[in-house]
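# Structural features, examined
Given next are the chains, with one letter for each unit.
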Amino acid sequence: MKYSKEQLVKMYEQLQLSRIFEEKLIELVAEGSLPGFYHLAIGQEAVQIGAVSAMDDDDYLVPTHRSHPAVVNRLELDKFFCELLGRYDGYNQGKGWEHVSSVERKVLPASGDLGVGAPLAVGYAWALKMDKKDSVVVCLCGDGASSEGNVHEAMNIAALFKLPIVFLIENNKWAISTPFSKQTAVDKLSKRAAGYGMKGVTIDGNDVLTVRATMDEAIAKARKGEPSVVEAVTYRWKGHFEGDPATYRNADDQKEVEEAMKNCPIKKFKAMLLQENVMTPEDMEAVDKNILQKIEDAIVEARKSPLPTEKQTVDYDAVYATNLGGDLV
Amino acid sequence: MRQISYAQALNEAMAEEMRKDKNVFLMGEDVGVMGGWLGHTIGLYEEFGAERVIDTPIAESGLANIANGMAMAGKRPILEIQFGDFLGLAFDAVGNQGPKFRYMSGGELKVPAVFRSLQGGGFGAAAQHSQCVEAWFMNLPGLKIAVPTTPYDVKGLLKAAVRDDDPVLFLEHKALLGVKGEVPEEEYIVPLGKAKVVKEGKDVTIIALQNLVYHSIEAAKELEEEGISVEIIDPRTLIPLDSQTIFSSVKKTGKVVIAHEAPKRGGVGGEISAFITENCFESLKAPIKRVAALNIPIPFGIPEKYCLPNKDHIVKAVKELV
């Protein structure tokens, strides 16, 4: 085994934090505690954990709207829940919500507009290169967003200027209601990398160790100024957002969902850990219990934090950093 | 005082800010080796090199978002979008991304990017190379907009924009690049949000943008001969807008003409007019007049003059008020 026991246990914890966290979001949405829409990555955790576990603390993450697994593992749980519950003690005073960002934790904001993350990430990576920093930017992107022009422009420029960035395309086969077969004529999104002069690979996104090993290599190369594209193939179990009944999926699609659920990345990883005697069922149970407790504690704490007041919301100094006179209103 | 052109003043502002702060740099299409498509960035590549005067591929949307990302990382990029018209391709990045991140991050992020672009007619370059586009961006919280008219202002405002911690859309008028004016050798800035009283007068207030300021000055001379005294105000920035300078003039004259080169419908003249009406209604002695382009795609060549506003339109509007 390429990875130490400690690293493997850490990946188990990260996967389970992702899953238990999103299951808790489902409960909170059902009870009406969370405004807005929640785009769940249940079943896709191996992609993001493979990436996050390969990143150094000094590397930057550019998430998407479906990046809870990556984001929850980079942020502190209490402050993240404050943010999702729209509380003032959140990372962004409750103004960021699913677009949460943290300079300290090196999480950049997920734009509300698809594909925009790619050029933002390229800009950030370019600045890091100018400052001769050793950090890399990992830019997440879905199969749907990969059709955006911004992604094309970003990839071309990243390759041209040899920027420290990895484009990780999480292909979950669905862009809201549009299946992958109706999004593009290429069978593998990684093929596009060749068009920009970058290396591109397509891997099994449901195997966390495959993703980890691929990202280890891609990040190391990016650090040397060789950006690349990694397409990790997975499957979106749920609707586009929690509450979407996904009526656009026909009987064949439903079979695909069932197959994907049988091929659960966490179940697979658990079986491997047990078989290789890395963890016992009791170890796992203890980890899971601990995560659930931490999540529940974080929610209790977050609920104690106040909602932003009208004054904190309608604050032009929060919109503009400098006001040298004149009307901004 | 020495006289230099608008283009030279623009060039000096960039050079001085780049010398002062290593985080400032210029990027865009043809800004480097070529020295800008109208020669306005000549010399910068030679002085600062390819890493700080960056020739880029043609990708307005991607580049403007790249500038946003660089700015969030602590840089102060100046991105040139060659023609104002091309800002449509970068609209989301300039208007919908950069300006939102400070608020959405609870103040943790800032985006000190400057999006420079050359706008306006005068070259007969047809409907997609001639427009004034400031109104496209007026409805977006978090953005600032500068519309410099003179060499002095383009230099001082650009230096202020580069130092500003918010994203600034900096719209130069390309017909003004060759216009000369007094620009001191010494360091100065023109703060964003301070209008200029170009000429004092007592009968009618003309609020004019860019090229229309020059047309207004010509109109004023003609009107003076007939005994009509106009006051000309150049807002210089639209966000922030120096309402106090505008209001005090309106309170003095009670009559207003607003002149800009963009089409009248949906133009900033409507916004300024509403702002005056909301705040100075008692002072108004007549309805506010707008002088602006027709709602026609700007035609190629000489016929553009049939669609764009000029001195005669301003004279006529003023006479209708007095």
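Position numbers for residues count from 1 along each chain, tracking the sequence in the order it is written. For this description, chains carry letters from A and ligands carry numbers from 1, given in the order in which they are written. Restriction of local features to residues with pLDDT of at least 70 applies here, the model being predicted, together with a cutoff of 80 or more for giving and counting side-chain atom pairs; totals for whole chains, interfaces and linings are based on all residues. In computing side-chain properties, one takes all heavy atoms of the structure into account and sets aside hydrogens as well as water.

The next subject is the overall build of chain B. When you go through chain B residue by residue, the secondary structure sums to 10 helices and 14 strands. Atoms counted for the radius of gyration: C-alpha only. Globule rule: 2.2 Å times the number of residues to the power 0.38. Here chain B has a C-alpha radius of gyration of 19 Å; the compact-globule value for 322 residues is 20 Å, and the two agree. Within chain B, the proportion of its 322 residues that are buried is 62%. In this description, contact between two residues means that some pair of their heavy atoms is separated by no more than 4.5 Å. Taking the intrachain contacts of chain B between residues at least 6 apart in sequence as the baseline, contacts between residues at least 24 apart amount to 83%. Of the roughly 11,700 Å² of accessible surface on chain B, a fraction of 54% belongs to carbon and sulfur atoms. One finds the centroid of the 35 positive side-chain charges in chain B at a distance of 4 Å from the centroid of its 42 negative side-chain charges. Strands are runs of DSSP state E lasting at least two residues, helices are runs of H or I lasting at least four, and both sets are numbered from the N terminus onward. Think of it in three bands: residues with accessible area under 20% of the maximum for their type are buried, residues over 50% are exposed, and the middle band is partly exposed, with areas taken using a 1.4 Å probe on protein chains only. The protein chains shown are the only cover counted for residues, whose accessible areas, like all others here, come from Shrake-Rupley with a 1.4 Å probe. Neither His nor the chain ends contribute to the count of charged residues, in which Lys and Arg are positive and Asp and Glu negative. Where a charge sits is defined by one atom per residue type, namely NZ (Lys), CZ (Arg), CG (Asp) or CD (Glu).

Along chain A, the regular secondary structure elements total 13 helices and seven strands. Scaling as 2.2 N^0.38, a compact globule of 329 residues should have a C-alpha radius of gyration of about 20 Å, and chain A matches this with 20 Å. If you line up chain A on its principal axes, its C-alpha atoms span 65 × 50 × 45 Å. When the 329 residues of chain A are sorted by exposure, 56% land in the buried category. Once local pairs closer than 6 in sequence are excluded, the contacts in chain A between residues at least 24 apart make up 73%. In the form shown here, chain A has an accessible surface area of approximately 14,100 Å², with 51% of it arising from carbon and sulfur atoms. Measuring between centres, the 39 positive side-chain charges of chain A sit 4 Å from its 50 negative side-chain charges.

All right, on to the interface of chain A and chain B then. At the interface, 41 residues of chain A touch 48 residues of chain B. A combined buried area of about 3,600 Å² lies between chain A and chain B, and 61% of that area is made up of carbon and sulfur atoms. Definition used for salt bridges: Asp or Glu carboxyl oxygen within 4 Å of a side-chain nitrogen of Lys or Arg. One can count one salt bridge joining chain A with chain B. One salt bridge in this structure joins Lys75 of chain B and Asp131 of chain A, with 2.5 Å as the shortest N-O distance. Each of two parts loses accessible area, computed with a 1.4 Å probe, when they are put together; buried area is these two losses added.

We now examine the sheet that holds strand β13 (residues 256-263) of chain B. All names here are of chain B. Note on pairing: two strands pair once DSSP finds at least 2 bridges between them. Within the open sheet, the five strands sit side by side as β9-β11-β10-β13-β14. Their pairing is mixed. Of all the strands in the sheet, just β9 (196-199) and β14 (289-293) have a single pairing partner and so form its edges. The sheet shows a mean angle of 25° between the axes of neighbouring strands, direction not considered. Where helices are involved, their axes are fitted lines through C-alpha atoms of the stretch in contact, as for all axes, and angles between N-to-C directions lie from 0 to 180°. Packing of helix α9 (residues 268-280) onto the sheet brings it into contact with β10 (204-208), β13 and β14, and relative to β13 it is tilted by some 155°.

Think of a sheet as strands paired side by side through backbone hydrogen bonds, with each pair either parallel or antiparallel. All names here are of chain A. One open sheet holds the five strands; their spatial order is β1-β2-β3-β7-β6, and the pairing between them is parallel. Across the chains shown, the open sheet's two edge strands, defined by having one partner strand only, are β1 (60-62) and β6 (199-204). Within this sheet the neighbouring strands show an average axis-to-axis angle of 20°, counted without direction. Both β6 and strand β7 (residues 228-233) contribute to a ladder of six bridges, which runs parallel. Following the sheet pairing, Lys199 is matched in β7 by Ser228.

Take the nonpolar core next. As used here, the term nonpolar core means buried Ala, Val, Leu, Ile, Met, Phe, Trp, Tyr and Cys residues forming a set that is joined through side-chain atoms within 4.5 Å. Counting residues in hydrophobic clusters, the biggest one holds 84 residues, and the most contacted among them are Ile165 and Phe167 of chain A together with Ile276 of chain B. When residues in this core are grouped by element, the largest group, eight residues, is from helix α5 (residues 117-130) of chain A. Both domains that meet at this core, namely domain 1 (3-182) and domain 2 (196-321) of chain B, each give it at least three residues. Discounting residues that sit within four places of it in the chain, Ile165 of chain A has contacts with Ala121, Val122, Ala125, Val136, Val137, Cys139, Ala158, Ala222, Pro227 and Ser228 of chain A. Counting residues in hydrophobic clusters, the runner-up holds 70 residues, among them Ile203, Val208, Cys264 and Val278 of chain A. An automatic or database domain assignment supplies the residue ranges for each domain.

Attention shifts here to the domain arrangement of chain B. Residues and elements named next belong to chain B. Domain annotation for chain B reports domain 1 (3-182) and domain 2 (196-321). For domain 1 versus domain 2, the separation of C-alpha centres amounts to 26 Å. Taken together, the contact pairs 34 residues of domain 1 with 26 residues of domain 2. Together, the buried faces of domain 1 and domain 2 total about 2,200 Å²; carbon and sulfur atoms form 60% of this surface. In terms of surface lost to domain 2, no three residues of domain 1 exceed Met138, Val147 and Thr149, which account for 24% of the buried area on that side. Taken together, the connections running from domain 1 to domain 2 amount to two salt bridges. The shortest N-O distance in the salt bridge between Asp153 and Arg236 comes to 2.8 Å. Polar contacts here mean pairs of N or O atoms no more than 3.5 Å apart (in protein, one a potential hydrogen donor and the other a potential acceptor; neighbouring residues in sequence count only if both atoms are side-chain atoms). Across the contact surface, domain 1 and domain 2 share 17 residue pairs in polar contact (both at pLDDT 80 or more). Contributions of two or more residues to the side of domain 1 that touches domain 2 are made by β6 (144-146), α6 (151-163) and β7 (168-173). Three residue categories are used. Nonpolar comprises Ala, Val, Leu, Ile, Met, Phe, Trp, Tyr, Cys and Pro, charged comprises Asp, Glu, Lys and Arg, and polar comprises the others, including Gly. Of the residues belonging to the side of domain 1 that touches domain 2, the class tally is 20 nonpolar, 10 polar and four charged.

Pairing of aromatic side chains requires ring centres within 6.5 Å, counting the rings of Phe and Tyr and the six-membered ring of Trp. Pairs whose planes differ by under 30 degrees are stacked, by over 60 edge-to-face, and all others tilted. By the definition in use, this model includes 12 aromatic pairs over all chains. Taking the centre distance of 5.1 Å and the plane angle of 45° together, the rings of Phe83 of chain B and Phe86 of chain B count as tilted. Phe86 of chain B sits in the buried class, given a relative accessible area of 17%. Both rings, one in Phe247 of chain B and one in Phe275 of chain B, keep their centres 5.6 Å apart while their planes meet at 55°; by these two values the pair is tilted. Here Phe247 of chain B is found in helix α8 (residues 243-253), whereas its partner Phe275 of chain B is found in helix α9, with 28 residues between them in sequence. Given a relative accessible area of 7%, Phe247 of chain B falls into the buried group. Each residue in the set Phe21, Phe80 and Phe81 of chain A is aromatic and connected to the rest through ring pairs, giving one cluster. Geometry around Trp174 of chain A places Arg249 of chain A over its ring, the cationic atom sitting 4.8 Å from the centre. The rule is short: NZ of Lys or CZ of Arg within 6 Å of the ring centre and within 35 degrees of the ring normal puts a charge over the ring.

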